[in-house]
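Structural features, examined
Here is how the chains run, residue by residue.
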Amino acid sequence: MTPHACSLICSPTWHPQAVVVGPYSLMGVVWLVLLLGVPTLGLPTRTEQAAVAASSDIHVKFSKNAFRALETHMGPLREARLSLAPDNCSPFRMQFKGKGYRGKVTWNDNIWERVIARGPGFVWEFPVEEGYAVNHIMEQCGERQGGKRALVLDGGANMGFFSLAAASCGCDAVSYEPNPVCQQFIGASATINGFESNILRRIVAITDKRGPVNFDGWHTRAGGADSELPGVRVDEDVAEHHLEADHYILYFKVDIQGSEHDAIEGASALLETRSIEYVAFEAQLNTQAGSAQAAFKKICAAGYECLDVSNPTAKISCQDPLQAYTATLGRCAGQCERYVMCAHVPAKVESMRRSIIGQLRKAAASSRE
């Protein structure tokens, strides 16, 4: 696959003879060796923490030796072939742990196992409402504004699906994921697809203040000076990396298990200037209703309008608390997770609503054939 034109991160020309992944500096080598000796969810040791903080910007091709080290620890890597539906999106490949490796990489391992089980020829077009909304956004990846490329901020990247999908559609992406093992797999996948120039990997937690955070492999919380990973505000991070010099922010996805309100607060300068076209957050309407309401209130205050991608015909009013919308859903079991998608241009919200409904009808018609 030919990589998209590079403007986010450019690395030297490289002609691989085999699929390769790896670290980016001597410090990266030391950190990776240490990390791959830990058969757990991917929590860095205290020794590794300084290396993580010092090398949290990762955007260089991996080495063959590091790829071998990853496979030595995780077993022969498996892959899945995936794609988004829009015509401007190319199929891409994702790398996963070996079948015999019993440790967890992420709590979403069970989801990825189901995808892998479909076989290497399976093309996952993400046929769910969330995917239909993302399809609508990713169709716009090729559009330039004032000569600037579209950028996706992937908050809570997990194994990198959204970052890789964005790159496959012509966007650049920043992959925010504090789990360093997940980041190794994102790097592996980016390299074999030729996307390492299009995806900036940040081993940091996105939150509402700069400083150290504790990370248990799934959740983050503020911590002291000896905490595990650095936390960043997205608005400061975008400014410090000069990302808006060559990009406009098409999409900011926030899926960080109940801390969405902190991440949204940390992007307030971008939201208040309406520098983000679309923002979406996972709202856990039962177990994390307070966080969901705080995120929703902040986005609405910045002048955005929202819809529930799982219920696109319904209206969500910024004049009412999010709980008022929750009450209209009737029985909503478990955490009641919904993706709330917002845009600062009302016409774009309505265009997305029509797009989701149209895709749902098309899928229903196909299932009846």
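Keep in mind the model is a prediction, meaning the values are calculated, not measured.

We now examine the overall build of the protein chain. In terms of regular secondary structure, the protein chain is built from 13 helices and 15 strands. For the protein chain, restricting intrachain contacts to residue pairs at least 6 apart in sequence, the fraction spanning at least 24 positions comes to 73%. Surface exposure of the protein chain reaches about 15400 Å², of which carbon and sulfur atoms provide 53%.

Time to look at the packing of aromatic side chains. Applying the stated rule across the entire model yields 3 aromatic pairs. Note on F92 and F161: the rings are 5.8 Å apart at their centroids and 55° apart in plane angle, and the pair reads as tilted. Here the residue F92 occupies a position in strand β3 (residues 92-96), and F161 occupies one in helix α6 (residues 161-169), the gap between them amounting to 69 residues. Of the aromatic side chains, those joined through ring pairs into one cluster are F92, F161 and F162.

A few words now on the state of the cysteines. Enumeration according to the criterion identifies 4 disulfides in this entry. Here C306 engages in a disulfide with C342; their sulfurs sit 2.1 Å apart. An S-S torsion of about 100° defines the bridge between C306 and C342 as right-handed. Of this pair, C306 sits in strand β14 (residues 305-308) while C342 sits in strand β15 (residues 337-343), and the two are 36 residues apart along the sequence. Overall, the relative accessible area of 4% leaves C306 in the buried class.

Another aspect to go through is unusual backbone geometry. Across the chain, the bulk of peptide bonds are trans and the bulk of non-glycine residues have phi less than zero. The phi torsion at N158 lies on the positive side, around 55°, for a residue other than glycine. Assessed through its relative accessible area of 11%, N158 is described here as buried. The phi dihedral of R274 falls on the positive side, at around 55°, and the residue is not glycine. Structurally, R274 can be placed in the loop between α10 (268-272) and β13 (276-284).

Applying the stated criterion across every chain yields a total of 16 salt bridges. As a salt-bridge pair, R210 and E236 come within 3.2 Å of each other at their nearest N and O atoms. Taken together, the residues span a long stretch of sequence, with R210 in the loop between β8 (205-206) and β9 (211-215) and E236 in helix α8 (residues 234-240) at a distance of 26 residues. Under the relative-accessibility criterion, R210 is labelled exposed at 53%. One salt bridge in this structure joins E350 and R353, with 3.2 Å as the shortest N-O distance.

Attention shifts here to the pairing of β3. Most of β3 is tucked away: 4 of the 5 residues are buried. Both strand β2 (residues 78-82) and β3 contribute to a ladder of 5 bridges, which runs antiparallel. Directly across from L82, in β3, lies its bridge partner F92.

Burial of β15 is extensive: 6 of the 7 residues sit out of reach of the surface. Here β13 pairs with β15 via 7 bridges, running antiparallel. Among the inter-strand pairings, E282 is bridged to a residue of β15, identified as Y339. Bridge count for β14 against β15 is 4 bridges, and the pairing is antiparallel. Across the sheet, the residue bridging to E305 is A343, located in β15.

Core analysis: the largest hydrophobic core is formed by 53 residues, its most contacted members being M94, M138, F161, L250, Y251 and M341. It is α6 that contributes the most residues to this core, 7 residues altogether. The residues contacting M138, other than those within four sequence positions of it, are L84, N88, C89, V152, F162, A166, C169 and Y251. Formed by 42 residues, the second largest nonpolar core is a distinct cluster that contains L200, Y304, I316 and L322.

Cut-offs and rules
Residues numbered from 1 in each chain as written. Predicted model: local features only at pLDDT ≥ 70, side-chain atom pairs only at ≥ 80, totals over all residues. Heavy atoms only, no water. Helix = DSSP H or I, 4+ residues; strand = E, 2+ residues; numbered from the N terminus. Contact = heavy atoms within 4.5 Å. Areas by Shrake-Rupley, 256 points an atom, 1.4 Å probe, with all protein chains shown as cover. Phe/Tyr/Trp six-rings, centres within 6.5 Å; stacked < 30°, edge-to-face > 60°. Disulfide = S-S within 2.5 Å. Buried < 20%, exposed > 50% of the residue type's maximum accessible area, 1.4 Å probe, protein only. Salt bridge = Lys/Arg side-chain N within 4 Å of Asp/Glu carboxyl O. Pairing = 2+ DSSP bridges. Core = buried A, V, L, I, M, F, W, Y, C linked by side-chain atoms within 4.5 Å.

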